[in-house]
Amino acid sequence: MSFIVAMDGPSGTGKGTITKQIAKEMKLTNIDTGATYRCVALAALRNHIGIEEEQKIIDLVDTLSIDMKQEGGNTVVLLNGEDVSQEIRGKEVTSFVPQVSAIKEVRLKMVDLQRKMAEGKDVIMEGRDITTYVFPKADVKIYLDATAEERAKRRYKQNKEKGIEMSYEEVVESIQKRDKADKEREMGALIIAPDAVVIDTTNLSIKEVKQKVKEIIQKKQKELKVKEIAYKERPNTKWKLFEQKVIKAFMGGLYRIFYRVEIRGAENVAQEGPLIICANHINYLDAAAIVIFTKRKVRFIAKEDLYRIRILSWLGHIFDVIPVNRGTQDIESMKRCMKALKNGEVLGIFPEGTRKGIAKGGKAKTGAAYMALRTGTKVVPVGISGSFKLFTKVVVNYGKPMDYTEYTSKSPEKEVLEKVANEIMDQIVMLTNQGNSCIMPKEKNSIS
Ligand code: DC
């Protein structure tokens, strides 16, 4: 699997310089897609083919071998094995390439080539249609922008350094022409992808832009790392089962020292077969309470972010917590839940979605109801009451299993799901209140 950083933007925004430096510093392969179009333009010029001979240009592409290699932090562009890195930046190529890159067949072939160049590699690729067409699912998408005046100034300076003879007026005209060509191209036009991060570089130095881009890439890499760790399952070895037992016993002991724990209705958890335990969520400690005090192993469904914290990641792997990416339709997570139920395991879900979700005015989430209705699994509602303040009472109150087998369906309707989700939540609230009612008088006494 490759990691793709896609970067688009008009010419003169510093894409080339930024990608080159970042590639070196972050060990990514730099692919300058503009150079591929420039190679075609150069080959056409060398073969004296004009833009009016479109088919000849298209045929010419098939005879070309375009490649890039990294040498001492620089990208060397090879056309049929010849180093053309300098020649493709010349005035003639620069003014001819917008027309060449507008030919649909040329674009299709170049896009093909660009995708092949990235295969199996971690790349940073810059151009005009990378975020929208070449890699619409890139891991990171960035759009660099700057005013036309600022871009012209930069290009003029760059040309001077490279010994390219062009007046400032010529540079401005060239930039304007290229902007127009880039934005109005029929295929692969330069547009901002809706999910791209836009960076206006007008008043920023290269160093500042680079820093911003690097931060975006690093954040994504971290996210992917957490995901990778979260989704790695630990095999059920004897050692793991031992760890489960020891931790359960140890934590159970701690809970009993620090809280007055009362378990009610434990018999409502069937000794075997699939089951979904749904509880209220007031505190991080309540998930642990259910895992510890339910006789069977409960696999909780928890947000992926939990795996950012080392100890929670360790516990998550021991107790086979199923990670979920909240805010997206996490199909992988759903698949794992269904598989667990098929295997006759017990799932633990907080239908509130987040801590004190209902108290915060949220609605009961329909995930548990969906799984119950899809698989015909019974739901055991649980009310956990208590403040989890040290040495206070915590009641874990298991309710009677809720049986929805008669509504089992491959595609449960939204209204039915909501109704079931609300019913489950009502039961949870009722069970929580039952637990509270035995605590309340005591608390009242202590106040008075
Ligand atoms: O980035 P550059 O100036 O080297 O690009 C050269 C030309 O190629 C320019 O006219 C835009 C065009 N191009 C394109 O159409 N699509 C890309 N992905 C990259 C460049």
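1. A closer look at the sheet that holds strand 12 (residues 322-324)
Then comes step 1: Pairing is mixed in the open sheet, where seven strands are placed in the order 9-15-14-10-13-11-12. The open sheet has two free edges, formed respectively by strand 9 (260-264) and strand 12, since each of these has just one partner strand. Across the sheet, the axes of successive neighbouring strands diverge by a mean angle of 20°, strand direction being ignored.
Then comes step 2: Bridging between strand 14 (residues 379-385) and strand 15 (residues 393-398) involves four bridges; their strand directions are antiparallel. Opposite S385, over in strand 15, you have V395 as the bridge partner.
Then comes step 3: Across the sheet, helix 11 (residues 284-293) is in contact with strand 9, strand 10 (275-279), strand 11 (298-303), strand 14 and strand 15; its angle to strand 11 comes to roughly 165°.
Then comes step 4: The strands touched by helix 14 (residues 367-375) are strand 10, strand 11, strand 13 (346-349) and strand 14; relative to strand 10, the strand with the most contacts, the crossing angle is about 160°.

2. Comments concerning helix 5 (residues 104-118)
Then comes step 1: With 15 residues, helix 5 should cover 21 Å at 1.5 Å per step; its first-to-last C-alpha distance of 21 Å lies within 8% of that length.
Then comes step 2: Looking only at helix 5, the buried set comprises V106, R107, M110, V111, Q114, M117 and A118. The arc that holds the buried residues of helix 5, viewed along the axis, is 130°, so those residues lie on one side.
Then comes step 3: G120 occupies a position one or two residues after helix 5 and carries a positive phi of about 70°.

3. Brief notes about a nonpolar patch on the surface
Then comes step 1: A grouping of F250, L254, I257, F258, L390 and F391 is seen on the molecular surface, where their side chains present a nonpolar patch of about 600 Å² in accessible area.
Then comes step 2: Inspection of the secondary structure puts F250 in helix 10 (residues 238-258).

4. Some remarks on the site of the ligand
Then comes step 1: Of all residues adjacent to the ligand, which total 16 residues, the nearest are R38, R107, R128, D129 and R178.
Then comes step 2: D129 has a polar side-chain atom sitting 2.9 Å from a nitrogen atom of the ligand.
Then comes step 3: At 2.3 Å, a side-chain N or O of R178 approaches an oxygen atom of the ligand.
Then comes step 4: Look at the ligand: alone it shows 450 Å² of surface, and the protein chains cover 96% of it.
Then comes step 5: For the shell around the ligand, the secondary-structure elements that each account for two or more residues are helix 2 (33-46), helix 4 (91-100) and helix 8 (168-184).
Then comes step 6: Top element by residues in the shell around the ligand is helix 2. It accounts for four residues.
Then comes step 7: Classifying every residue of the shell around the ligand by side-chain character gives four nonpolar, four polar and eight charged.

5. Examining the sheet that holds strand 5 (residues 82-83)
Then comes step 1: Reading across the sheet, the three strands line up as 3-4-5 and stay open at both edges, with antiparallel pairing between neighbours. Strand pairing shows two members of the sheet lacking a second neighbour, strand 3 (66-71) and strand 5, which therefore form its edges.
Then comes step 2: Bridging between strand 3 and strand 4 (residues 74-79) involves six bridges; their strand directions are antiparallel. Its bridge partner lying in strand 4, D67 is registered against L78.
Then comes step 3: Lying on the sheet, helix 2 is in contact with strand 3, strand 4 and strand 5; it crosses strand 4 at an angle near 40°.

6. A word on the side chain of K214
Then comes step 1: The residue K214 is located in helix 9 (residues 206-231) in this model.
Then comes step 2: Ignoring sequence-local partners within four residues, the contact set of K214 consists of I22, E25 and M26.

7. Concerning the confidence of the model for the chain
Then comes step 1: Summarising the model, the chain shows a mean pLDDT of 92, and 97% of its residues fall at 70 or more.
Then comes step 2: Note on residues 439-448: pLDDT is under 50 here. Beyond four places in sequence and across chains, it has five contacts.

8. Remarks on a positive patch on the surface
Then comes step 1: Positive charge collects at one region of the surface, where K303, R326, R355, K356, K360, K363 and K365 lie side by side.
Then comes step 2: Tracing the backbone through its elements, the reader meets R326 in the loop between strand 12 and helix 13 (331-342).
Then comes step 3: With a relative accessible area of 44%, R326 lands in the partly exposed category.

9. Considering unusual backbone geometry
Then comes step 1: The phi angle at D320 is positive, at roughly 50°, despite the residue not being glycine.
Then comes step 2: In this structure, D320 sits in the loop between helix 12 (310-318) and strand 12.
Then comes step 3: The class of D320 is buried, set by a relative accessible area of 9%.
Then comes step 4: Not every positive phi belongs to a glycine, and F391 is a case in point at roughly 65°.
Then comes step 5: Relative to the helices and strands, F391 resides in the loop between strand 14 and strand 15.

10. Describing the side chain of E304
Then comes step 1: Note that E304 resides in the loop between strand 11 and helix 12.
Then comes step 2: Not counting the four nearest positions on each side in its chain, E304 is found in contact with V226, K227, A230, Y231, P323, V324, N325 and D330.

Criteria and cut-off values
Residues numbered from 1 in each chain as written. Predicted model: local features only at pLDDT ≥ 70, side-chain atom pairs only at ≥ 80, totals over all residues. Heavy atoms only, no water. Pairing = 2+ DSSP bridges. Helix = DSSP H or I, 4+ residues; strand = E, 2+ residues; numbered from the N terminus. Axes fitted to C-alpha atoms, helices over the stretch in contact; angles between N-to-C directions. Contact = heavy atoms within 4.5 Å. Expected span 1.5 Å × (residues − 1). Buried < 20%, exposed > 50% of the residue type's maximum accessible area, 1.4 Å probe, protein only. Arc of directions from axis to C-beta. Patch = residues over 30% accessible without salt bridge, like charges linked within 9 Å, V, L, I, M, F, W, Y side chains within 5 Å. Areas by Shrake-Rupley, 256 points an atom, 1.4 Å probe, with all protein chains shown as cover. Salt bridge = Lys/Arg side-chain N within 4 Å of Asp/Glu carboxyl O. Near = heavy atom within 4 Å. Polar contact = N/O pair within 3.5 Å; in protein donor to acceptor, adjacent residues only side chain to side chain. Nonpolar A, V, L, I, M, F, W, Y, C, P; charged D, E, K, R; others polar. pLDDT = per-residue confidence, 0-100. Lys, Arg positive; Asp, Glu negative; His and termini not counted. Charge placed at Lys NZ, Arg CZ, Asp CG, Glu CD.

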